[in-house]
Amino acid sequence: MTCLGRFAPSPSGRIHLGNILCCLLAWLSARQKDGRVLLRIEDLDTARCPQRYARQMEADLRWLGLDWDVGPGAEGPDGPYYQSERTAVYEAALETLEKMGLVYPCFCTRAELHAASAPHRSDGQTVYPGTCRDLTAAEAAERAKKRAPALRLRVPAEEIAFRDGHMGPQRQRLDTECGDFLLRRSDGLFAYQLAVVVDDAAMGVTEVVRGADLLDSTPRQLLLYRLLGLRAPEFYHFPLLLAPDGRRLSKRDADAGLDVLRERAAPEEILGKLAYLAGFNPSAAPKSTWALLADFDWDKVPREDVRIPEGLF
């Protein structure tokens, strides 16, 4: 099977160094296998992700030399490649799960979920306590008069185990470490977990490269692949880039955004320094995407978060 990797950015602002590293690793990993690359724009929340940001992101990726074989501007048979245009596909998947009796309405607010009575994991994330899991149809109808429900998936009391291509063996007990998770929000927007599974399967993605902050969501997605009868891709998760002071990078970090970086560095300079931080460029010397391909090796990529040295960029 031909490898099809992808990058699937969310255009809520200009891309930053962490986004660029993700795209670079996905590009290199697929190209090294003589595979193809797909670009998908994850703009489910169109209020946060206006199309002008998506167009700018596409231009930024082309400027960096991170091209794609399928996606916006390179249309294939499995489009559209903007998630905001794929609602019907998600509706069909949701209907399949509903017919299996695995979906139920949830009326809990975010504030209620963060209440002290709700179980929390060691990392502070809330485990859904199943508050609405056993509501009767009459109880759900009465609550729906006051608040539109979100929709959750009933997870089984089982452990999901898999081997990540970079981080190694992983396992998670869904009912106690995650709880029933959202498929659609109360405002009608489909949740990331469902959309990404449906899209990767529909588009034939065989390899997913993404940050370690999403490693925890992989067991949920593997469950959805199984329930929907879809083939799961291979997963490769890599450590996060941190600001010099140890904070996680975000689009609010102006110095790490490509709007600033483009004014003071060439694409090869940015890519060479990122590859150096990721362990497969011997120095921070400028290199193009194709020049980096010869030295790329997942075994060289660190497994712990990487702090950007002050002044590197």
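Anything mentioned here points back to the structure above.
Residues numbered from 1 in each chain as written. Predicted model: local features only at pLDDT ≥ 70, side-chain atom pairs only at ≥ 80, totals over all residues. Heavy atoms only, no water.

(A) How the structure looks around the pattern of salt bridges. This structure, assessed with the given rule, holds 24 salt bridges. Put simply, aspartate 200 and arginine 6 hold a salt bridge, and the shortest N to O gap is 2.9 Å. With aspartate 200 in helix H7 (residues 192-202) and arginine 6 in strand S1 (residues 4-7), this pair connects stretches of sequence that are 194 residues apart. Each of the two residues, aspartate 200 as well as arginine 6, counts as buried. Between arginine 40 and aspartate 199 there is a salt bridge whose closest N-O contact spans 3.7 Å. Of this pair, arginine 40 sits in the loop between strand S2 (36-39) and helix H2 (51-64) while aspartate 199 sits in helix H7, and the two are 159 residues apart along the sequence. (Salt bridge = Lys/Arg side-chain N within 4 Å of Asp/Glu carboxyl O. Helix = DSSP H or I, 4+ residues; strand = E, 2+ residues; numbered from the N terminus. Buried < 20%, exposed > 50% of the residue type's maximum accessible area, 1.4 Å probe, protein only.)

(B) Structural detail: the nonpolar core. One finds Phe7, Leu17, Ile270 and Phe280 to be the most contacted residues of the largest nonpolar core, which totals 50 residues. If you list the elements that add at least two residues to this core, you get helix H1 (17-32), S2, H2, strand S9 (234-238), helix H9 (258-264), helix H10 (267-277) and helix H11 (289-293). Top contributing element to this core by residue count: H1, with 11 residues. Setting aside its immediate chain neighbours within four residues, leucine 17 contacts Leu241, Leu249, Ala256, Leu261, Ile270, Leu274, Ile308 and Phe313. If you look at the next biggest cluster of nonpolar residues, it comprises 37 residues, including Leu44, Cys178, Leu183 and Leu228. (Core = buried A, V, L, I, M, F, W, Y, C linked by side-chain atoms within 4.5 Å. Contact = heavy atoms within 4.5 Å.)

(C) Layout of the packing of aromatic side chains. Summed over all chains, the structure comprises 5 aromatic pairs. Between tyrosine 236 and tryptophan 298, the aromatic rings sit 5.0 Å apart at their centres with planes inclined by 25°, giving stacked as the arrangement. Separated by 62 residues along the polypeptide, tyrosine 236 in strand S9 and tryptophan 298 in the loop between H11 and strand S11 (306-307) bring together distant segments of the chain. The two residues tyrosine 236 and tryptophan 298 agree in class, both being buried. For the pair phenylalanine 280 and phenylalanine 296, a centre-to-centre distance of 5.1 Å together with 90° between the ring planes defines the contact as edge-to-face. Pair noted here: phenylalanine 280 is in the loop between H10 and H11 and phenylalanine 296 is in the loop between H11 and S11, with a separation of 16 residues, a long-range link. Here phenylalanine 280 falls in the buried class, since its relative accessible area comes to 1%. (Phe/Tyr/Trp six-rings, centres within 6.5 Å; stacked < 30°, edge-to-face > 60°.)

(D) Representation of empty space enclosed by the protein within the structure. In the structure shown here, the tally under the stated rule is 1 cavity of 30 Å³ or more. Considered as a void within the structure, the largest cavity measures approximately 50 Å³ in volume. Taken together, Leu21, Leu25, Phe238, Pro239, Leu240, Leu241, Leu277, Ala278, Val301, Pro302 and Val306 make up the lining of the largest cavity. (1 Å grid on protein atoms, 1.4 Å probe; cavity = no way out; pocket = protein on both sides within 12 Å on 5 of 7 lines; lining within 4 Å. Points joined across faces, edges and corners; volume = space filled by probe spheres on them.)

(E) The environment of valine 209, seen in detail. Mapped onto the elements, valine 209 comes out in strand S8 (residues 207-211). Residue class for valine 209 comes out buried when judged on its relative accessible area of 3%. For the pair valine 209 and arginine 171, spaced 38 residues apart in the sequence, the C-alpha separation amounts to 18 Å.

(F) Inspection of helix H8 (residues 218-227) at higher detail. Along H8, 8 of the 10 residues are buried, which leaves the element largely enclosed by surrounding structure. By the burial criterion, the buried members of H8 are Thr218, Pro219, Arg220, Gln221, Leu222, Leu223, Leu224 and Tyr225. Remark: glycine 229 follows H8 within two positions and exhibits a positive phi of approximately 70°.

(G) Structural context of the sheet that holds S8. One open sheet accounts for 4 strands, arranged S2-S1-S8-S9; its pairing is parallel. At either margin of the open sheet sits one strand with a lone partner, and together these are S2 and S9. Here the average twist between neighbouring strands, direction ignored, is 25°. As judged from the 4 bridges shared by S1 and S2, these two strands associate in the parallel manner. Paired with leucine 4 across the bridge in S2 is arginine 36. (Pairing = 2+ DSSP bridges. Axes fitted to C-alpha atoms, helices over the stretch in contact; angles between N-to-C directions.)

(H) How the structure looks around the sheet that holds strand S7 (residues 181-184). Spatially, the 3 strands line up as an open sheet ordered S3-S4-S7, and their pairing is antiparallel. Edge positions in the sheet fall to strand S3 (103-106) and S7, since each of these pairs with one other strand and no more. When strand polarity is set aside, the average angle formed by the axes of neighbouring strands in this sheet is 45°. Pairing of strand S4 (residues 150-153) with S7 involves 3 bridges; the strand directions are antiparallel. Note that in S7 the partner of arginine 152 across the bridge is leucine 182. With respect to the sheet, H8 is in contact with S4 and S7, its orientation differing from that of S7 by roughly 55°.

That is the geometry; function is a separate question.
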